[in-house]
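Residue-level structural notes
The lines below spell out each chain.
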Amino acid sequence: MNQKHTLIKGAAILTAAGMASRIIGFFYRIFLSKTIGAEGVGIYLLILPVHALIFSLTGSGIQTAVSRFVSSRSATGDRKGAKEILVCALSLSMLLSTAASCFLYLKADYIASVLLHESRCALLLKVLCFSIPFGSIHACIIGYYTGLKRTDVPAISQLFEQVIRVASSFLIYQIMVEKNLTVSPVLAVYGTVCSEIASVLYTGTKVMLHHRTEQTKLSSFPFHCVSEILTFSIPLMINRVLINLLQSAEAVCIPLKLLDHGFTQATALSTYGTLTGMALPLVLFPSAITNSLAVMLLPTVSEAQASGNKTAIERLTRKTTKSCLLLGFFCTIVFLLTGNFCGTFLFDSREAAVYIQILAWLCPFLYLGTTLGSILNGLGKTFDVFLINAAALLLRILFVWFAIPSCGILGYLWGLLLSQLLQSVLLLFRCRQISFF
């Protein structure tokens, strides 16, 4: 199968799984909004940047490194080398994730009260720490299969993970109701822990059966792969940590600045929960297509660069740009026409309906930025992507800091739109500089 068909097939499989997962996720969001309320959703969402920050330290950069190096080794038929990369990555990720979990558990109260300004997040963070090692293992195995362009395993894993998250959360909710316990946002975190454990059981079983079939045994630990993985993943890790720090600052500042606008704490958390827990996920629904494409673009572009096939990179970039813009403008029209219905019908929230219609204008820039960033990462331009993402985030934070106190949440929405526009323009400009077009 040629490169084009492999890319299309892989992206199609991931898109189908992503769409199904997001459909389940929408019902899950509705379930959470009904059981823990908009304020509870807002509290739960406050811990997600912390989770993303820790994942960027323990798994994100290593996952990308695994995908890149396994792809290059599999292209030359070096199956043993691909296994060495996986074994080394799993060891590194486990060391980092275990240390991060212990730190998070011990400092949960401080992070919740001092950094997040919400003491109710402490219990959520303590429960969350148990999912981190499993999430890191899962990420490494997914990176391995992505490098092999075996998208069936990541796709099934994604769907399985989402089903377990929803089912376990619902079961925990039933137990809380039966025992007359207060239903709190912690049930969503328990669902995350259960889903990560289940994903590792599935992907771990698949990779063990895969290597048993291939019979590629390692005589010793592949220490020579350590420097290779770290050399690639550390710059990427630093970039993502800095980006996640900015995102965490943004997430914490939004409710605080809404207080300056005159909101109560409960209203500020409810507004934040409605925007980022209800409206934004709906607008991001079609990004299952572009996210899947971005996952497949990274190893494909890396292979093309390694073989010196600049024409293939140029062709991929042109087609990706046109496709993302067409999809984005189409989704903008759809959300503008149906936003009111979706907000009131799905979430029973007029506020969510308003946000959906405003966020609809993000679509073309949001989808384009994801794929262009993946192409540049595949070419090793991770620092360029970091600078562009950081510039966009800093612009958003400026709007959070200065616009929300005077304009309310509308000030943040304007900042979100302008930052995505800036990111897309800068990514396109960087692509032109490298003479893609």
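These numbers were taken from a predicted model, which means no experiment stands behind them.

What counts, and at which threshold
- Residues numbered from 1 in each chain as written.
- Predicted model: local features only at pLDDT ≥ 70, side-chain atom pairs only at ≥ 80, totals over all residues.
- Heavy atoms only, no water.
- Helix = DSSP H or I, 4+ residues; strand = E, 2+ residues; numbered from the N terminus.
- Rg over C-alpha atoms; globule rule 2.2 N^0.38 Å.
- Buried < 20%, exposed > 50% of the residue type's maximum accessible area, 1.4 Å probe, protein only.
- Contact = heavy atoms within 4.5 Å.
- Areas by Shrake-Rupley, 256 points an atom, 1.4 Å probe, with all protein chains shown as cover.
- Polar contact = N/O pair within 3.5 Å; in protein donor to acceptor, adjacent residues only side chain to side chain.
- Disulfide = S-S within 2.5 Å.
- Axes fitted to C-alpha atoms, helices over the stretch in contact; angles between N-to-C directions.
- Parallel < 35°, antiparallel > 145°, perpendicular 65-115°, else oblique.
- Left-handed = near helix turned anticlockwise from the far one by under 90°.
- Nonpolar A, V, L, I, M, F, W, Y, C, P; charged D, E, K, R; others polar.
- pLDDT = per-residue confidence, 0-100.
- Phe/Tyr/Trp six-rings, centres within 6.5 Å; stacked < 30°, edge-to-face > 60°.

**A look at the overall build of the protein**
Scanning the protein from N- to C-terminus turns up 17 helices and zero strands. Relative to the compact-globule value of 22 Å for 437 residues, the protein shows a C-alpha radius of gyration of 21 Å, a close match. Taking the principal axes of its C-alpha atoms as reference, the protein extends roughly 60 × 50 × 35 Å. Put simply, the protein has 437 residues, and 54% of those count as buried. Across the protein, every contact between residues at least 6 apart in sequence was considered, and the portion connecting residues at least 24 apart equals 83%. Of the roughly 18800 Å² of accessible surface on the protein, a fraction of 68% belongs to carbon and sulfur atoms.

**Structural notes on unusual backbone geometry**
Backbone geometry at His-117 places phi at a positive 55 degrees, although glycine is not the residue there. In this fold, His-117 is placed in the loop between helix 4 (108-115) and helix 5 (121-128). On the basis of relative accessible area, His-117 is assigned to the partly exposed category, the value being 43%. At Asn-180, a residue that is not glycine, the phi angle is positive and equals roughly 60 degrees. As for its position among the elements, Asn-180 is in the loop between helix 7 (152-178) and helix 8 (186-214). Residue Asn-180 is classed as exposed on the basis of its relative accessible area of 70%.

**Comments concerning the side chain of Ser-56**
By secondary structure assignment, the location of Ser-56 is in helix 2 (residues 37-75). Engagement of the side chain of Ser-56 in a polar contact is seen with the backbone oxygen of Leu-53, the distance being 2.5 Å. Sequence-distant contacts of Ser-56, that is, excluding residues within four places in its chain, are made with Gly-61, Met-237, Arg-240, Val-241 and Asn-244.

**Structural notes on the state of the cysteines**
Tallied over the entire structure, the rule returns zero disulfides. Of all cysteine sulfurs, the one in Cys-88 lies closest to Cys-140, which takes part in no disulfide; the gap is 9.7 Å. According to the relative accessible area criterion, Cys-140 is buried, its value standing at 0%. Cys-324 carries a free sulfur, and the closest cysteine sulfur to it, the one in Cys-331, is 11 Å from it.

**Remarks on the packing of helix 3 (residues 79-106) against helix 9 (residues 224-260)**
The relative placement of two packed helices comes down to the angle between their axes together with the axis-to-axis distance. Between helix 3 and helix 9, the shortest axis-to-axis distance is 10 Å and the interhelical angle comes to 55 degrees. The angle between helix 3 and helix 9 places the two elements in the oblique class. At the point where helix 3 passes helix 9, the crossing takes the right-handed sense. Between helix 3, through Glu-84, Ile-85, Cys-88, Ala-89, Leu-92 and Leu-96, and helix 9, the contact on the second element is made entirely by His-224, Cys-225, Val-226, Glu-228, Ile-229, Leu-230 and Met-237.

**Points about the packing of helix 14 (residues 363-378) against helix 17 (residues 409-433)**
One way to put it is that helix 14 packs onto helix 17 with a least axis distance of 9 Å and a crossing angle of 35 degrees. Helix 17 is crossed by helix 14, and the crossing has left-handed handedness. Side by side, helix 14 and helix 17 meet where Phe-365, Leu-366, Leu-368, Gly-369, Leu-372, Gly-373 and Leu-376 of the first sit next to Leu-417, Gln-420, Leu-421, Gln-423, Ser-424, Leu-427, Leu-428, Arg-430 and Cys-431 of the second. Taken together, the residues of the contact of helix 14 with helix 17 sort by class into ten nonpolar, five polar and one charged.

**Quick look at the environment of Leu-427**
Mapping Leu-427 onto the fold places it in helix 17. According to the relative accessible area criterion, Leu-427 is buried, its value standing at 0%. Considering only alpha carbons, one finds Leu-427 and Leu-372, 55 residues apart in sequence, at a separation of 6.5 Å. The contacts of Leu-427, once residues within four sequence positions are left out, are Gly-369, Leu-372, Gly-373, Leu-376 and Ile-388.

**Overview of the confidence of the model for the protein**
Confidence in the prediction for the protein averages 83 pLDDT; 91% of positions are at 70 or higher. When mean pLDDT is compared element by element in the protein, helix 5 scores highest at 94, while helix 11 (residues 287-306) scores lowest at 68.

**Brief notes about the environment of Tyr-173**
Position of Tyr-173 among the secondary structure elements: in helix 7. With near-sequence residues (within four places) excluded, Tyr-173 lies in contact with Phe-31, Thr-35, Val-183 and Leu-187.

**Concerning the packing of aromatic side chains**
Within this structure, the stated rule accounts for seven aromatic pairs. Each ring, one from Phe-31 and one from Phe-170, has its centre 6.0 Å from the other, and the planes form 55 degrees; the classification is tilted. Here the residue Phe-31 occupies a position in helix 1 (residues 3-35), and Phe-170 occupies one in helix 7, the gap between them amounting to 139 residues. A relative accessible area of 17% places Phe-31 in the buried class. In this structure Phe-170 comes out as partly exposed when scored by relative accessible area, which is 42%.

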